[in-house]
Amino acid sequence: MTPGQVLVVSDDTEFVRALSACWQKEMHSPSITAVSTHVSGQADSSGYPLVVVGPLREGVALPLSPALHLDSTVCAVGDHGSLASIRAAHADWLLVPEYPGWTEALLSVAREVLRRTAAEKRAREAELANHAHQRFGVLGRSLLEARPGMVNALTSLIGNADLILLSEEALPSECREQVRTMRTMALRLNEMVQRLSSLESEMELSDRKSHAETNEIRMVEAPKA
């Protein structure tokens, strides 16, 4: 099972015990937080991909606290009478009848919910990474487009500096030293600009890697037939 957070709301300690014992057999069991209806009003389901509602004490009416987060999937377990009431009040809840083997049925639901939550999280992270990649791509393309102009300007600057230094005309030593400094700095800038020539190939390699990772995630997360 994909690790995740599960909130269990129930007043039946045996229900919670049976559920915990079943899930602890899993190689990657979820982290379970169990609360009764006495304290569930102070609980918050945000951060819990799955909320399991089990048997409740008499007199507790639906809808239940905690305030359910929109991203939480709620699964109710109970007898046919209680599930009929829940279905009428919460049509979007998943229902598991409390028959022999109900823990395995709930386990299957939990696997799918937590797998889907993990997949959606990876998809969001991939989307954010893709946006960042696109921003850097725009910057890289802008630098590549500006590179020819920078090379021409630096080549002209270096060439004129060489002509001045090779000229037989007398120049004050201070001026000659300043020209040498300008030429040295222009050469350094030219080296930096020349390094941009490898940027395009690096961007293409990064694009191929990003597409390959995206396709791999889609293949892993694709539901099995």
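Structure report, in brief. Bear in mind that the values here come from a model prediction, so they are computed numbers and not experimental data.

A short note on the overall build of the chain
- For the chain, the count of helices and strands is five helices and five strands.
- For the chain, the N- to C-terminal ordering of α and β elements is β-α-β-β-β-α-β-α-α-α.
- When the 225 residues of the chain are sorted by exposure, 28% land in the buried category.
- Of all intrachain contacts in the chain linking residues separated by at least 6 positions in sequence, the fraction that spans at least 24 positions is 64%.
- Accessible surface computed for the chain: about 14800 Å², of which carbon and sulfur atoms make up 56%.

So, the side chain of Arg 176
- Relative to the helices and strands, Arg 176 is located in helix 4 (residues 173-195).
- Nearest to the buried, unbridged Arg 176 among oppositely charged side chains is Glu 177, at 8.2 Å.
- A polar side-chain atom of Arg 176 sits 3.0 Å from the main-chain carbonyl oxygen of Leu 165.
- Setting aside residues up to four positions removed in sequence, Arg 176 forms contacts with Ile 164, Leu 165, Ser 167, Glu 169 and Leu 171.

Quick look at the nonpolar core
- Residues Phe 15, Leu 19, Trp 23, Leu 50, Val 52 and Leu 106 are the most contacted members of the largest nonpolar core, which totals 18 residues.
- Residue assignment for this core shows that the elements contributing at least two residues are strand 1 (5-9), helix 1 (13-23), strand 3 (50-53), strand 4 (73-78) and helix 3 (102-166).
- Per element, the largest residue contribution to this core is six residues, and it comes from helix 3.
- Residues Tyr 48, Val 51, Val 74 and Trp 93 belong to the second largest nonpolar core, which totals 11 residues.

Notes on a nonpolar patch on the surface
- Residues Phe 136, Leu 139 and Leu 143 make up a contiguous nonpolar surface patch of about 310 Å² in total accessible area.
- Topologically, Leu 143 is positioned in helix 3.

Description of helix 4
- In a regular helix each residue adds 1.5 Å, so 23 residues correspond to 33 Å; helix 4 covers 33 Å between its end C-alpha atoms and thus fits that length.
- Every buried residue belonging to helix 4 is among Arg 176, Val 179, Ala 186, Asn 190 and Val 193, and all of these are buried.
- Next to the buried residues of helix 4 lie helix 3.

As for the packing of aromatic side chains
- Per the stated rule, a full pass over the model turns up one aromatic pair.
- Pairing Phe 15 with Trp 102 gives two aromatic rings, centres 4.9 Å apart and planes at 5°, and the pair type is stacked. Note that Phe 15 is positioned in helix 1 and Trp 102 in helix 3, a separation of 87 residues in sequence.
- The class for Phe 15 is buried, based on a relative accessible area of 3%.
- Owing to a relative accessible area of 11%, Trp 102 belongs among the buried residues under this scheme.

Basis of the calculations
- Each chain has its residues counted from 1, following the order in which its sequence is written.
- At least 70 in pLDDT is required for a residue's local features to be given in this predicted model, at least 80 for side-chain atom pairs to be given and counted, and no such filter applies to totals for whole chains, interfaces and linings, which use all residues.
- With hydrogens and water stripped out, all remaining heavy atoms of the structure feed into the side-chain values.
- What counts as a helix is a DSSP run of H or I of at least four residues, what counts as a strand is a run of E of at least two, and both are numbered from the N terminus.
- Each residue gets one of three labels from its accessible area relative to the maximum for its type: buried under 20%, exposed over 50%, partly exposed in between, using a 1.4 Å probe on protein chains only.
- In what follows, residue pairs with any heavy atoms lying within 4.5 Å of each other are defined as contacts.
- Every accessible area reported is derived by Shrake-Rupley at a probe size of 1.4 Å, with residue values counting cover from the shown protein chains alone.
- Within this scheme the basic residues Lys and Arg register as positive and the acidic residues Asp and Glu register as negative, but His and the chain ends are omitted.
- Salt bridge, as applied in this entry: a Lys or Arg side-chain nitrogen positioned within 4 Å of an Asp or Glu carboxyl oxygen.
- Under the rule applied, a polar contact is a pair of N or O atoms within 3.5 Å (in protein, one hydrogen donor and one hydrogen acceptor; residues adjacent in sequence only if both atoms are side-chain atoms).
- What makes a nonpolar core is a set of buried Ala, Val, Leu, Ile, Met, Phe, Trp, Tyr and Cys residues whose side-chain atoms join them at distances within 4.5 Å.
- Here, patches come from residues exposed beyond 30% relative accessible area and free of salt bridges, joined within 9 Å for like charges and within 5 Å for nonpolar side chains (Val, Leu, Ile, Met, Phe, Trp, Tyr).
- Here the expected length of a helix is defined as 1.5 Å per residue gap, with one fewer gap than residues.
- Only Phe, Tyr and Trp rings are paired, with Trp represented by its six-membered ring, and only when their centres lie within 6.5 Å; those with planes under 30 degrees apart are stacked, over 60 edge-to-face, the remainder tilted.

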